[in-house]
Amino acid sequence: MTPRRVSILGATGSVGLATLDLIGRAEPGTYEVVALTARSNAEELARQAVRHKAAHVAIADPQAGIALKQALSDHPEITIGIGEPAVVEAAAMPADWTMAAIVGAAGLRPTLAALQQGRALAFANKECLVCAGSLFMTEAARCGATLLPVDSEHNAVFQVFDGAQRSAIRSITLTASGGPFRTWSRERMMQASRADALAHPTWDMGAKITIDSASMMNKGLEIIEACWLFDLPPEQVDVVVHPQSIVHGMVEYADGSLLAQLGSPDMRTPIASALAWPERMAAPVERLRLAEIARLDFEAPDLERFPAIRLAREAIKAGGIAPAVLNAANEIAVESFLADRIRFLDIAACVEEVLSRSHGDADMPRSLSAFDDVYAIDARARQLARDLIADRISDPQSRTTSS
Ligand code: NDP
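What you see is a predicted model, and the numbers here were worked out from it, not measured in a lab.

## Looking at the packing of helix 5 (residues 108-115) against helix 6 (residues 126-143)
No. 1: Packing of helix 5 against helix 6 brings their axes to within 10 Å, and their N-to-C directions diverge by 15°. Relative to helix 6, helix 5 is oriented roughly parallel. Seen from above, helix 5 lies across helix 6 with right-handed handedness. For the pair helix 5 and helix 6, the contacting residues are Leu108, Thr111, Leu112 and Leu115 in the first and Cys128, Ala132, Phe136, Glu139, Ala140 and Cys143 in the second.
No. 2: Across the contact of helix 5 with helix 6, the residue classes break down as 8 nonpolar, 1 polar and 1 charged.

Shown next as structure tokens:
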């Protein structure tokens, strides 16, 4: 058997490490690791590279590059790239399957380089599709790439979405755990700390997506991601809160059938599904024992307490630059919340305000017809968000949380 050549972008993160965990459990000779990348965690990147006999590693942060070279000094067989362009070069190294798991819009260029190989691309980085869905989908078709959704909800829908019955598909549903603030009042959410927001009840994930889950912006981004992946209008993408995180996604057919995928809340199931696709592989996840779980609850999301879902729906309906602006503003707001510069409810307020300011902003590009436009929109929206947050900090009266 010829080993399958795999690369992992974002190898030191939550999804990257879960992917490597699965690769490490496979029969020797099943996979050959081509390239692993990270931003600054040189120690973990070196450890994974040695453990999985990677041919190449790349790290975005030049400072961390020095540590990476030291950590791999006994392994001259592993080549090293340093700097952001080196991460893109690593993504372009021939591989049969690539996991795109860099967090945020930072993943745009490397993910695009991987996609342009025209092979299988496992898509965890939803921000790429949010910012540039139309461009990514057009490029994937042009290059003949196969997109394999990794987000648990999209992977679930992918598993029960019968492409041959497209006209009979009424809607798809993404489930949401509701995050740590599902039952909190808005007043209590105003006081939420960083630790409160990072305490996700069911999923163990990286910091950014965990905060996005608490604000439910994650679900908003996922609605946009689903529209692109499944070529559906936002009206056909529903969200339901399901606190147990057992049912991940559903497809409703015209005859009234609702097909769902269920599984323990462990990312290794959707990752294994994408890694083995179109086959199946064993994953070391807890088996579902429905009699022990006993009940599954579902409720409608509260759009008053979680305005991020409304903002994302408005952005995808508006189209054009709006989703990229939403994403960039959210990344800056989450970063600022994690740095204790703004309060929790300021995140959505900041995104809404940046979307509004972007309309009349003379420096904001208006069209989104090439990837260069995406980078320019992203950069300008980040600047607007930074300026807004700086204003809010210098004028605390304007904070959502104190109004
Ligand atoms: P983490 O924060 O855990 O990991 C992010 C990875 O990206 C790390 O390897 C990090 O390197 C790397 N990275 C960050 N910034 C850059 C940069 N500027 N250039 C190059 N590499 C960079 O994130 P997650 O694994 O949680 O999430 C990854 C993606 O998958 C996100 O888009 C998220 O929305 C999506 N996703 C995650 C899920 C989860 O369960 N975690 C579930 C579904 C989707 P370093 O460690 O050196 O900082």
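## Here we look at the packing of aromatic side chains
No. 1: Under the criterion given, the structure shown has 7 aromatic pairs.
No. 2: Both rings, one in Phe136 and one in Phe371, keep their centres 5.3 Å apart while their planes meet at 85°; by these two values the pair is edge-to-face. In this pair, Phe136 is assigned in helix 6 and Phe371 in helix 17 (residues 371-394), connecting sequence segments 235 residues apart.
No. 3: For Phe371, a relative accessible area of 14% gives the class buried.
No. 4: Ring centres of Phe158 and Trp277 lie 6.3 Å apart, and the angle between their planes is 45°; this geometry places the pair in the tilted category. Of this pair, Phe158 sits in helix 7 (residues 152-160) while Trp277 sits in the loop between helix 12 (268-276) and helix 13 (290-293), and the two are 119 residues apart along the sequence.

## Topic: a nonpolar patch on the surface
No. 1: Residues Leu262, Leu290, Leu296 and Phe298 make up a contiguous nonpolar surface patch of roughly 330 Å² in combined accessible area.
No. 2: On the accessibility criterion, Leu262 (35% relative accessible area) is partly exposed.

## Comments concerning the site of the ligand
No. 1: Close to the ligand lie 24 residues, the nearest being Thr12, Ser14, Ser40, Asn41 and Glu127.
No. 2: Taking Gly206, its main chain carries an N or O atom lying 3.0 Å from an oxygen atom of the ligand.
No. 3: The fraction of the free accessible surface of the ligand (900 Å²) that becomes covered by protein chains is 89%.

## Describing the pattern of salt bridges
No. 1: Enumeration over the complete set of coordinates arrives at 27 salt bridges.
No. 2: Between Glu222 and Lys126 there is a salt bridge, and its shortest N-O distance comes to 3.2 Å. Pair noted here: Glu222 is in helix 11 (residues 217-230) and Lys126 is in helix 6, with a separation of 96 residues, a long-range link. Of the two residues, Glu222 and Lys126, neither departs from the other in class, the shared state being buried.
No. 3: Across the pair Arg268 and Asp266 runs a salt bridge, and its minimum N-O distance is 3.0 Å. The pair formed by Arg268 and Asp266 is uniform in burial state, with each residue classed as buried.
No. 4: A cluster of three or more residues bridged by salt bridges with shared partners is formed by Lys126, Asp151, Glu153, Lys219 and Glu222.

Parameters at a glance
- Residues numbered from 1 in each chain as written.
- Predicted model: local features only at pLDDT ≥ 70, side-chain atom pairs only at ≥ 80, totals over all residues.
- Heavy atoms only, no water.
- Axes fitted to C-alpha atoms, helices over the stretch in contact; angles between N-to-C directions.
- Helix = DSSP H or I, 4+ residues; strand = E, 2+ residues; numbered from the N terminus.
- Parallel < 35°, antiparallel > 145°, perpendicular 65-115°, else oblique.
- Left-handed = near helix turned anticlockwise from the far one by under 90°.
- Contact = heavy atoms within 4.5 Å.
- Nonpolar A, V, L, I, M, F, W, Y, C, P; charged D, E, K, R; others polar.
- Phe/Tyr/Trp six-rings, centres within 6.5 Å; stacked < 30°, edge-to-face > 60°.
- Buried < 20%, exposed > 50% of the residue type's maximum accessible area, 1.4 Å probe, protein only.
- Patch = residues over 30% accessible without salt bridge, like charges linked within 9 Å, V, L, I, M, F, W, Y side chains within 5 Å.
- Areas by Shrake-Rupley, 256 points an atom, 1.4 Å probe, with all protein chains shown as cover.
- Salt bridge = Lys/Arg side-chain N within 4 Å of Asp/Glu carboxyl O.
- Near = heavy atom within 4 Å.
- Polar contact = N/O pair within 3.5 Å; in protein donor to acceptor, adjacent residues only side chain to side chain.

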